[in-house]
Amino acid sequence: MKILSIESSCDETAAAVVEDGRNVLSSVVSTQIEKHKIFGGVVPEIASRLHTENISYVVNKALSDADCTLSEIEAIAVTHEPGLIGALLVGVNYAKGLSLASGKPLVPVHHLRSHIAANYITHKGLKPPFMCLVVSGGNTLLCKVKDYTDFEVIGKTRDDAAGEAMDKAARTLGLPYPGGVNLDKISKNGDADKYKFPHPKVDNAPYDFSFSGLKTSVINLVHNASQKGEELNAADVGASFIKAVTDSLAEKTVKAMAEYGEKTLVLAGGVSANSVLRARMEKESKKHGWQLYLPDLSLCGDNGAMVGAQGYYEYLNGTRADLSLNGRATADITEN
Ligand code: KG4
């Protein structure tokens with residue numbers, strides 16, 4: 001069955017047509033990066049306005065690229081939570097309009113569930129159950145994916161997300177938005193042992209993460225150096241910072257995999273594109289005998305295809321929304 005899927009939770013207006021949750025017939029992503037770059041980050045009001053301008057074109061192109069009309073679509077899936085509320089509402093309202101006009105069922109999809117589902121497109125044979133480390137711009141969590149629509153949170157960040165910390169570190173080093181990608185690039189030849197950043201632990205919560213102290217620590221390092229007129233090597237700072245984030249993510253994942261007796265690990269979210277994190281998880285997987293699944297790099301960031309993949313499983317599970325569907329800025333992965 002074919003699903004038309006829509007994503008507008010942050011700064012990408014995206015739509016796709018996906019067949020049976022695994023086969024991407026078309027995927028159109030209109031990124032707003034250039035528009036937000038001059039501000040050093042996403043400006044929510046601008047994001048909403050650009051979604052409004054672009055969404056009709058993006059959805060129509062997804063249908064025409066798939067050589068398909070709305071009448072051949074069986075359901076309309078849309079990201080409704082979590083994300084920037086004004087941005088989400090553009091996709092949600094567009095999907096509601098399409099559903100009303102066409103009579104096709106409306107399927108609400110949790111954004112983090114769809115990041116995980118990007119792996120179902122990359123790895124056709126991947127099926128739950130597995131452990132998943134979700135590392136995105138706004139969220140960081142370790143969860144057990146018991147079934148396609150059944151999740152148990154093992155640990156999550158108490159403050160900033162890993163992506164947010166990467167972006168802030170990049171910005172402090174004067175790198176352009178989107179920070180995480182550029183930090184990854186410039187850090188390739190840096191000395192990861194040059195600077196010692198804290199490895200935060202959360203009392204009595206062995207699988208919870210904390211990145212705000214780490215973020216403050218890189219800001220202090222850069223500001224102190226600038227006040228003293230000292231030159232810092234951005235590649236060394238970046239590499240050391242990425243190592244600290246990766247250590248934290250890897251240590252907690254290793255512990256959780258052992259504690260829960262899991263042997264399959266899946267990575268998801270924008271930060272799963274990070275080269276150091278991917279290499280580290282590959283190393284841990286070899287060492288511990290896990291099966292590791294990484295999303296294709298083209299599917300790590302926000303896209304409509306992953307919404308169509310998760311939307312299919314939500315549809316099979318009976319998840320439906322009516323015209324009262326609203327967007328939500330925050331929502332646990334267990335709620336949909
Ligand atoms: O999952 P995502 O597209 O957005 C949310 O759904 O939140 O993730 C975006 C985040 C940004 O913080 C971005 O800097 C980070 O993913 N990111 C990276 C890399 N590529 C994207 N962080 C580190 N290394 C990368 N290569």
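Residues numbered from 1 in each chain as written. Predicted model: local features only at pLDDT ≥ 70, side-chain atom pairs only at ≥ 80, totals over all residues. Heavy atoms only, no water.

(A) Layout of the site of the ligand. Close to the ligand lie 17 residues, the nearest being His-111, Gly-137, Asp-167, Asp-184 and Gly-270. In the environment of the ligand, an oxygen atom lies 2.9 Å from a nitrogen or oxygen atom belonging to the backbone of Gly-137. One of the side-chain nitrogen or oxygen atoms of Asp-184 is found 2.9 Å away from a nitrogen atom of the ligand. Surface burial for the ligand is 85%, taken as the share of its 550 Å² of free accessible area covered by protein chains. Elements supplying a minimum of two residues to the shell around the ligand: α4 (111-122), α5 (162-172) and α6 (179-186). The element that contributes the greatest number of residues to the shell around the ligand is α6, accounting for three residues. Split by residue class, the shell around the ligand holds three nonpolar, 11 polar and three charged. Two domains share the shell around the ligand, each providing at least three of its residues, namely domain 1 (2-116 + 299-316) and domain 2 (128-297). (Near = heavy atom within 4 Å. Polar contact = N/O pair within 3.5 Å; in protein donor to acceptor, adjacent residues only side chain to side chain. Areas by Shrake-Rupley, 256 points an atom, 1.4 Å probe, with all protein chains shown as cover. Helix = DSSP H or I, 4+ residues; strand = E, 2+ residues; numbered from the N terminus. Nonpolar A, V, L, I, M, F, W, Y, C, P; charged D, E, K, R; others polar. Domains from an automatic or database assignment.)

(B) Structural detail: the sheet that holds strand β5 (residues 106-110). Spatially, five strands are ordered β3-β2-β1-β4-β5 in an open sheet, and the strand pairing comes out mixed. Among the strands making up the open sheet, the edge pair consists of β3 (23-31) and β5. This sheet shows a mean twist of 20° between the axes of neighbouring strands, independent of strand direction. Relative to strand β4 (residues 75-81), strand β1 (residues 2-7) is paired through four bridges, and the arrangement is parallel. The partner of Leu-4 across the bridge, within β4, is Ile-76. (Pairing = 2+ DSSP bridges. Axes fitted to C-alpha atoms, helices over the stretch in contact; angles between N-to-C directions.)

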